[in-house]
Amino acid sequence: MNNLLEKLNDMQQKAVTTTDGPLLVLAGAGSGKTRVLTHRIAYLIEKNNVAPWNILAITFTNKAAKEMAERVESLIGEAAQDMWVRTFHSACVKILRRDIDRIGYNRSFNIIDADDQKSLVKECLKELRFEEKEFPPKAIMSEISSAKDKLLTPAEYKAEFYTDFRKGQIARIYELYQKKLEVSNDLDFDDLIMLTVRLFKEAPDVLTYYQNKFRYILVDEYQDTNKAQNELIIMLAKEHRNLCVVGDDDQSIYKFRGADITNILDFEKAFSDACVIRLEQNYRSTQNILDAANNVIKNNSGRKGKRLWTDQGSGQKINVYKAEGDYDEAEFIADKMNQLSRDGYKYSDMAVLYRANASSRSLEDVFMRKALPYRVLSGLRFYDRKEIRDMIAYLRLVKNPHDDLSFRRIINTPSRKIGKVTLDNLSAVATRENTSLLETIKNHLGEFSDNLCQFYNLIAELIEDAEKLSIDNLVESIYEKTRYRAFLETDEKAQERMENVGELISGAASYVETSENPSFEEYMDNLALVSDIDNYDEEIDAAVLMTMHSSKGLEFPVVFICGFDEGLFPSSMSMFNPEEVEEERRLCYVSITRARQLLYITCAYRRMVYGKTSPYNPSRFLDEIPASILDVTDSRKNVTEYTIPQAKASTYTPESSLFGFSSQPSPPKTSGEVFKTGDSVIHKKFGRGIIISASPVGNDVHYEIAFESVGTKNLLGLYAKLTKDE
DNA sequence: CTCAGCTAGATTTTT
DNA sequence: TCTAGCTGAG
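This is a predicted model, so every value here is computed, not measured. (Residues numbered from 1 in each chain as written. Chains lettered and ligands numbered in written order. Predicted model: local features only at pLDDT ≥ 70, side-chain atom pairs only at ≥ 80, totals over all residues. Heavy atoms only, no water.)

Caption draft 1: Representation of the sheet that holds strand β10 (residues 350-354) within the structure. With respect to topology, seven strands assemble into an open sheet ordered β11-β12-β10-β13-β14-β9-β17, the strand pairing being parallel. Each end of this open sheet is capped by a strand with a single partner; those strands are β11 (374-376) and β17 (630-634). Strand-to-strand, the axes of this sheet are offset by a mean angle of 20°, without reference to chain direction. Sheet topology places β10 next to strand β13 (residues 556-561); four bridges connect them, and they run parallel. Considered in β13, the bridge of V352 is made with F560. (Pairing = 2+ DSSP bridges. Helix = DSSP H or I, 4+ residues; strand = E, 2+ residues; numbered from the N terminus. Axes fitted to C-alpha atoms, helices over the stretch in contact; angles between N-to-C directions.)

Right, dumping it as structure tokens:
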């Protein structure tokens, strides 16, 4: 039993064994937070004999939930399966699917995403005759969302802001938006939380049931909770008060999405008897890296206060490179990476972090040219891709024929020659008869154009399919019968899109395979709530490019933070507002603490932004790191023997002279084998396939491969890790 | 209804 | 500079 505690330091042990009563664990970056959470759960079950079904563990991401469940299971075995380890949203869906009828909703509600929200807002604006210029849908969406985060109903929102004319207008939009959601039985993400809170308030017996069920509650990333989520947790914990929240106020970087840092700062006000434990020993980074982070973050006010330390030595200094321009900056990073690769690092040990996605451009240009293996953790997620959203819209319409949002989305995709005029007529009739668009066609078969009737027949056929086919076959059937595949095939550039649909189908197949009791509804819930199929395959040896935000929770032996300039970071959008600068500073703290061994920070004297080149100055955050732990290289010093070319920054590579290694790409890494057309090969992820074509590209080979399961894909030999199929 | 051509706007995004 | 999204001509 004690071996559960063996590998934990004193503070971690205390966090694990303080099982009863409210507990706030302030867990600094890299301080073993996940270890504490999982061991605490194991301790509760094994040592305190708490039943697994009496435990609720809440995370923000599916990935974190999955990881936590797996790690607990490896500690205590299958008993772990009876716990609730869920994201806020999926826990709420589960609660609502059981009891939402108690507050007048239908239990078979649909979950809509940001894209649908936007269409819905646009519809509302149109109906209210508001101009999109004056009320940008995006801004309205975030206003509605933040109202819901604060648990404000349209009426309460109206009452709170009755003096503000504009907000009064927005209240009308919000009101209509909410009405439309109710009519079509849709919930948006914020509703999932807000309505659960409402359910608990209006149906006290439901609340009591869950209060008694969840005798022990754990919340991860507590600094990211919004007001509604906090309220939800506090309500649930009220009875037994065994609430353990884990977080780091210094890592709160999602204010723009509603995260309320005061939840964690005021936890001790909400629970005056709360025990507070700080985890400050860091197991990830060198002391120099931690000192950099500590010195930056100490400039923020209103912190809980923490100072990270390690017993693993000071390590190298922080390397700073002041580049001439953005391409020079990218080349410096690429050349350093190649050098480190020769020194024995893998490319996958290295990450480049930037403030905004747009910054990946110059990096990608240079990396591509130098044939440096890299991957971008893109801004666009799998389920946000148009083709995927279209397929999902068909699925949703099949599941719920009254889903007008989905209807509108795909009525003319692929083109069925049904345009605005037809649609306006149809929707006028639908409004008059107070029914959905598809239902309206059904009720007037023959009266509308052939195109509409054909569409109705198509959906009717698919609904029949849904009853007899497994989900993956249903998706395939939709793909074929809607002629979506044919539609993509006409477009040469749609190769990737077809691959994406292929992934959707194989994802559905694996859901059917792995789920104990596959159901259409559960599959659709997963689609709505699972942000991304885990396409971050760590096996591939490639450097990773991503935003600072998406780096949270990850770690790399080598980290490059680029664009360390005033106006980029802190961003020009926030640099004049002290509160927002503090959030940027937290982002800086998060970024620095991703690094284990080596940290490189780069800035540039001038950059091209929005097509214009202008001068830049190093970020204020650079000044906050003590000079004694910096190792600065300046492209404008030390290179006096060279004249600095004024115009062509992209051809300027001072580092080749500075660091004594060439800017040539590293020698080609052999992929082991070269294949020829007709060869049968095995790919780790895609399975067996036949080489259709092989053409040399630089020092690599480009293959077109027909896979048995996922269709034809284009792959590069260096990354594909193909093996011969004997 | 469709598509070419133009204009305005351009952080970060766990669900 | 890039691109999403709108507008108007065919």
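Caption draft 2: Main features of the layout of surface pockets. Taken as a whole, the second largest pocket spans an internal volume of roughly 1,400 Å³. E123, E127, K180, D404 and R408 are the residues nearest the centre of the second largest pocket, which is lined by 43 residues in total. Taken together, the elements giving at least two residues each to the lining of the second largest pocket come down to α6 (114-128), α9 (165-183), α18 (386-399), α19 (404-410) and α20 (420-433). The dominant element in the lining of the second largest pocket, judged by the number of residues it contributes, is α6, at eight residues. (1 Å grid on protein atoms, 1.4 Å probe; cavity = no way out; pocket = protein on both sides within 12 Å on 5 of 7 lines; lining within 4 Å. Points joined across faces, edges and corners; volume = space filled by probe spheres on them.)

Caption draft 3: Region of interest: α6. With 15 residues, α6 ought to run about 21 Å at 1.5 Å a step, and its terminal C-alpha atoms sit 21 Å apart, in line with that. Considered for burial, the residues of α6 that qualify are D116, Q117, L120, V121, C124, L125 and L128. In the core, the buried residues of α6 are packed alongside β4 (110-112), α7 (137-149), α9, β5 (186-188), α18 and α19. Taking the backbone nitrogen of D115 as reference, a side-chain oxygen 3.1 Å away marks D113 as the first, capping residue of α6. A positive phi of about 60° marks R129, the residue just after α6. (Expected span 1.5 Å × (residues − 1). Buried < 20%, exposed > 50% of the residue type's maximum accessible area, 1.4 Å probe, protein only. Contact = heavy atoms within 4.5 Å. Polar contact = N/O pair within 3.5 Å; in protein donor to acceptor, adjacent residues only side chain to side chain.)

Caption draft 4: Local environment of the environment of E239. Positionally, E239 belongs in the loop between α12 (227-237) and β7 (243-247). Note on E239: relative accessible area 48%, which makes it partly exposed. Through-space distance from the C-alpha of E239 to that of Y210 is 9.8 Å; in sequence the pair is 29 residues apart.

Caption draft 5: Representation of the pairing of strand β16 (residues 612-615) within the structure. Both strand β15 (residues 606-609) and β16 contribute to a ladder of four bridges, which runs antiparallel. Each residue of the ladder has a partner; that of V609, found in β16, is K612. Taken together, β15 and the strand that follows it, β16, pair antiparallel across an intervening segment of two residues, in which Y610 is found at a positive phi of about 55°.

Caption draft 6: View of the pattern of salt bridges. Enumeration over the complete set of coordinates arrives at 52 salt bridges. Across the pair D205 and R102 runs a salt bridge whose closest N-O atoms are separated by 3.0 Å. Here R102 lies in the loop between α5 (88-99) and β4 and D205 lies in helix α11 (residues 204-213), a separation of 103 residues in the sequence. Residue classification places D205 among the partly exposed positions, given a relative accessible area of 43%. Look at R102 and you get partly exposed, because its relative accessible area is 42%. Across the pair K201 and E231 runs a salt bridge whose closest N-O atoms are separated by 3.9 Å. Of this pair, K201 sits in helix α10 (residues 189-202) while E231 sits in helix α12, and the two are 30 residues apart along the sequence. Its relative accessible area of 27% is what places E231 among the partly exposed residues. (Salt bridge = Lys/Arg side-chain N within 4 Å of Asp/Glu carboxyl O.)

From the geometry alone we can't say anything about function, so treat these as descriptive.
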